[in-house]
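Examination of the molecular architecture
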2 protein chains.
Amino acid sequence: MNETNVALSIQDSPFARKLLAFVRLSDADLAIMSDLYRRRRRFAVGVDMIHQGQTDQCAYVLASGWACSYKLLPGGGRQIVDIQIPGDFLGLRSILFRTSDHNVEPITPVQASEVRQRDLIAAFSQTPRLATAVLWAASRDEAMVVEHLVDLGRRTATERTAHFLLELGARLRLVGLGDRKGFLCPLSQYRLADTLGLSAVHVNRVLRELREEGLVTFQKGRVVFDDFDALVEMSGFDRAYLDHEGPLLI
Amino acid sequence: MNETNVALSIQDSPFARKLLAFVRLSDADLAIMSDLYRRRRRFAVGVDMIHQGQTDQCAYVLASGWACSYKLLPGGGRQIVDIQIPGDFLGLRSILFRTSDHNVEPITPVQASEVRQRDLIAAFSQTPRLATAVLWAASRDEAMVVEHLVDLGRRTATERTAHFLLELGARLRLVGLGDRKGFLCPLSQYRLADTLGLSAVHVNRVLRELREEGLVTFQKGRVVFDDFDALVEMSGFDRAYLDHEGPLLI
DNA sequence: CGCAACTCCTAACCCAGATCAGTTTTCCGC
DNA sequence: GCGGAAAACTGATCTGGGTTAGGAGTTGCG
């Protein structure tokens, strides 16, 4: 396979597509990227991909399946920080830091490409443009964490749940896994509770309310936006922070 | 001034010192960094440094004073996402994204160096090592936001307040603005409330409890750790996420 | 096939923290 | 040193969401 073919095939991965939405990458850049990508691995539900407190962890680019990163508390509780969907880069902090500060757990069976620290840093010196692209991707992830933080700090349980489902929908649409109508969602109400900082019981109540008011229906692994506009309105959702406005750098 | 002198003087800035704790940067790298740094600006309390929704914003490296980044909600409430202290890079997302997704407000009078988007990206292509360093700094900031998120999602008001004060103390110590005994803190209880996702009234109650139990005293702009170890214990503070373990890359 | 483990769902009760409605103290400019 | 405005502080009351304690499908696996 020559370089152009590699570049063409990598271009179709959800991760590359996301980066290309921001930075123009040359075929050479893409070829370097595809090298990072080589090692494909599979993970079953129930076995964490990344472990808090351990050193020499890898990062991954999710090819298929869902995962979530979370932190455990001394008391036994946990907080899910982010849900990862195909195309997401996960565990960046676990390779930049000596020891990982969080866990990553598959929610469904997962296929992912392993990214090693030295390969990533070597790639940066070959093509600084890739470094900028990765920095952008990391910043976009941070923007989502920030919005999640606002959810927990200043929105009611109902607003928060609505906002979260809208964000997830917007992200999935970007990689072709959903539309304005809704999306398939393998999250249990327990995981949703750990994400939203609520109890599972209350998540159940809130979902019922949202359903009865004709806003969203989340049942049987499927989220359906019954009244998209009303949902956006009540949750104060503003997708600006997802920065979907096309490539910034020439 | 020749290149070596520039490099020597920049090495003493809190920002450079923070990066040097992680990546070894050559004199040439430092010289490139000092170029980014050239434009020094001052900001008075009451005038935001960065505005949500506006384009062509700058980023800044804080030289002196405190600032905070926050998001406003449609309902009029706000959530403070992060407190910035000297040495912190602020507004990275406001230059990587077309429009800023957050505001930054000075808490005290501030001196800061302006960093422009094209200068930053140009610097990356001159020295990829700087790109890695900035990516690390951004990841460390994200780690703090993540811990803040855990605060809001899964800790009680008391744990949360204690945890926040400990983190702030650890960060200030790193730039020489505090010690294990305590630090000077210009935050009002209102701002603390917007940071911790609480009402100002409740912040006041919590601070009183913490004081009466001999854990921390926050009065007259000064935080004093009365019983550091007990405070760490009750809040579940683990400074691993601040990644203070010395340079990772050769 | 049958038991175990999950997940979803519900009702009753309770409490951490919000809200309301102030008073007092501190700070700062004139 | 005085007036005005933040900031700090308080008590009383109310409520969103937690906790406890179930039951009723569903999936999977030995």
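Criteria and cut-off values
- Each residue is numbered by its place in its chain's sequence as written, counting from 1.
- Each chain takes a letter, starting from A, and each ligand takes a number, starting from 1, following the order in which they are written.
- Reporting of local features is limited, given that this is a predicted model, to residues whose pLDDT is at least 70; pairs of side-chain atoms are given and counted only at 80 or more, and all residues count toward the totals for whole chains, interfaces and linings.
- As a rule here, side-chain values cover all heavy atoms of the structure and leave hydrogens and water aside.
- Any residue with a heavy atom lying within 4 Å of a molecule or strand is counted as near it.
- Between N or O atoms, a polar contact is any pair within 3.5 Å; within protein, one atom must be a potential hydrogen donor and the other a potential acceptor, and residues adjacent in sequence are included only when both atoms are from side chains.
- Labels follow the DSSP assignment, with helices taken as runs of H or I lasting at least four residues and strands as runs of E lasting at least two, numbered in each case from the N terminus.
- Note that Gly is not counted as nonpolar here; it falls among the polar residues with everything else outside the nonpolar set of Ala, Val, Leu, Ile, Met, Phe, Trp, Tyr, Cys and Pro and the charged set of Asp, Glu, Lys and Arg.
- Strand pairing is defined by DSSP finding a minimum of two bridges between the two strands.
- What counts as an axis is a line fitted to C-alpha atoms, over the stretch in contact for a helix, and the angles between N-to-C directions run from 0 to 180 degrees.
- The contact definition used throughout considers only heavy atoms, calling two residues in contact when any of these lie within 4.5 Å.
- For this overlay, a least-squares fit was computed on C-alpha atoms, restricted to residues scoring pLDDT of at least 70 in both copies.
- A quick way to say it: buried area is the sum, across both parts, of accessible area lost when two parts are put together, with a 1.4 Å probe.
- Salt bridges, as used here, are contacts in which a Lys or Arg side-chain nitrogen is within 4 Å of a carboxyl oxygen on Asp or Glu.
- What marks off one domain from the next here is an automatic or database domain assignment.
- Residue exposure (1.4 Å probe, protein chains only): buried if accessible area is under 20% of the type maximum, exposed if over 50%, otherwise partly exposed.

1. Here we look at the protein's contact with DNA strand D
Around DNA strand D there are 16 residues in total, and Ser-199, His-202 and Arg-205 of chain A together with Gln-189 and Arg-208 of chain B lie nearest to it. Backbone atoms, meaning sugar plus phosphate, form 58% of the atoms of DNA strand D positioned within 4 Å of the protein. Residue Arg-205 of chain B places a side-chain N or O atom 3.4 Å away from a base nitrogen belonging to DNA strand D. Sorting the residues of the surface near DNA strand D by element identifies α9 (200-212) of chain A together with α8 (189-196) and α9 (200-212) of chain B as the ones contributing at least two each. Among the elements that take part in the surface near DNA strand D, α9 of chain B stands out by supplying four residues, more than any other. Residue classes in the surface near DNA strand D are distributed as five nonpolar, eight polar and three charged.

2. Description of the protein's contact with DNA strand C
Near DNA strand C lie 17 residues; those nearest to it are Gln-189 and Arg-208 of chain A together with Ala-157, Ser-199 and His-202 of chain B. Each atom of DNA strand C within 4 Å of the protein was classed as base or backbone; sugar and phosphate made up 62%. Gly-197 of chain B has a polar backbone atom sitting 3.5 Å from a phosphate oxygen of DNA strand C. Side-chain polar atom of Ser-199 of chain B to a phosphate oxygen of DNA strand C: 3.0 Å apart, as the coordinates give it. Considering each element in turn, the surface near DNA strand C owes the most residues, four residues, to α9 of chain A. When its residues are assigned to classes, the surface near DNA strand C shows five nonpolar, eight polar and four charged.

3. Quick notes on the sheet that holds strand β4 (residues 78-84) of chain B
Residue and element names in this part refer to chain B. Sheet architecture is open: three strands sit in the order β4-β3-β6, paired in antiparallel fashion. Each having just a single partner strand, β4 and β6 (103-106) make up the two edges of the open sheet. Neighbour-to-neighbour, the strand axes of this sheet turn through a mean angle of 30°, independent of strand direction. Contacts from α8 reach β3 (67-72), β4 and β6 within the one sheet, and its direction differs from that of β4 by about 105°.

4. What about the relation of the copies chain B and chain A?
The two copies are related by a screw operation: chain B maps onto chain A through 180° of rotation and 0.0 Å of translation along the axis, at an RMSD of 0.0 Å. The relationship between the two copies is best expressed as a two-fold rotation axis. For chain B, the smallest separation between a C-alpha atom and the rotation axis is recorded for Leu-149 of chain B, amounting to 2.6 Å. Of the residues that chain B buries at the interface, 100% are likewise interface residues in chain A, meaning the two copies contact each other through the same surface.

5. Describing the interface of chain B and chain A
Counting residues at the interface gives 53 residues for chain B and 53 residues for chain A. Across the interface of chain B and chain A, roughly 4,700 Å² is buried in total on both sides, 68% from carbon and sulfur atoms. The three residues of chain B that bury the most area against chain A are Arg-98, Leu-149 and Arg-154 of chain B, which together make up 16% of that side's buried surface. Applying the counting criterion to the chain B and chain A interface returns six salt bridges. Residue Asp-194 of chain A is joined to Arg-154 of chain B by a salt bridge in which the shortest nitrogen-to-oxygen separation is 2.9 Å. At the boundary of chain B and chain A, one finds 12 residue pairs in polar contact (both at pLDDT 80 or more). Of all the secondary-structure elements, those providing two or more residues to the side of chain B that touches chain A are β4, α4 (92-96), α5 (117-126), α6 (128-154) and α8 of chain B. Looking at the side of chain B that touches chain A residue by residue, the class counts come to 29 nonpolar, 11 polar and 13 charged.

6. Focus: the domain arrangement of chain A
All names here are of chain A. Here chain A is described as being made up of domain 1 (3-138) and domain 2 (155-242). On a C-alpha basis, the centroid separation for the pair domain 1 and domain 2 is 25 Å. Each side of the interface is counted separately: domain 1 has 18 residues, and domain 2 has 16 residues. In total, domain 1 and domain 2 occlude about 1,400 Å² of area from one another, counting both sides; carbon and sulfur atoms represent 63% of this. For the domain 1 face of the interface with domain 2, the top three residues by lost area are Trp-66, Ile-83 and Ile-85, together amounting to 37%. The interface formed by domain 1 and domain 2 includes four salt bridges. Measuring nitrogen to oxygen at the nearest pair gives 2.7 Å for the salt bridge that ties Arg-191 to Glu-105.

7. Let's talk about the sheet that holds strand β6 (residues 103-106) of chain A
Residues and elements named next belong to chain A. Judged by pairing direction, the sheet is antiparallel, and its three strands sit side by side in the order β4-β3-β6 without closing on themselves. Two strands close off the open sheet at either side, each with one partner strand: β4 (78-84) and β6. Between one strand and the next, the sheet's axes are offset by a mean angle of 30°, whatever the strand orientation. In terms of strand pairing, strand β3 (residues 67-72) meets β6 through four bridges, oriented antiparallel. Looking across to β6, one finds that Tyr-70 is bridged to Asn-103. Taken strand by strand, helix α8 (residues 189-196) contacts β3, β4 and β6, and its axis lies near 105° from that of β4.

8. Some words on unusual backbone geometry
Residues and elements named next belong to chain A. With a phi angle near 55°, Lys-220 is a residue other than glycine that sits in the positive phi range. Tracing the backbone shows Lys-220 in the loop between β10 (216-219) and β11 (222-225). What makes Lys-220 exposed here is its relative accessible area of 87%.

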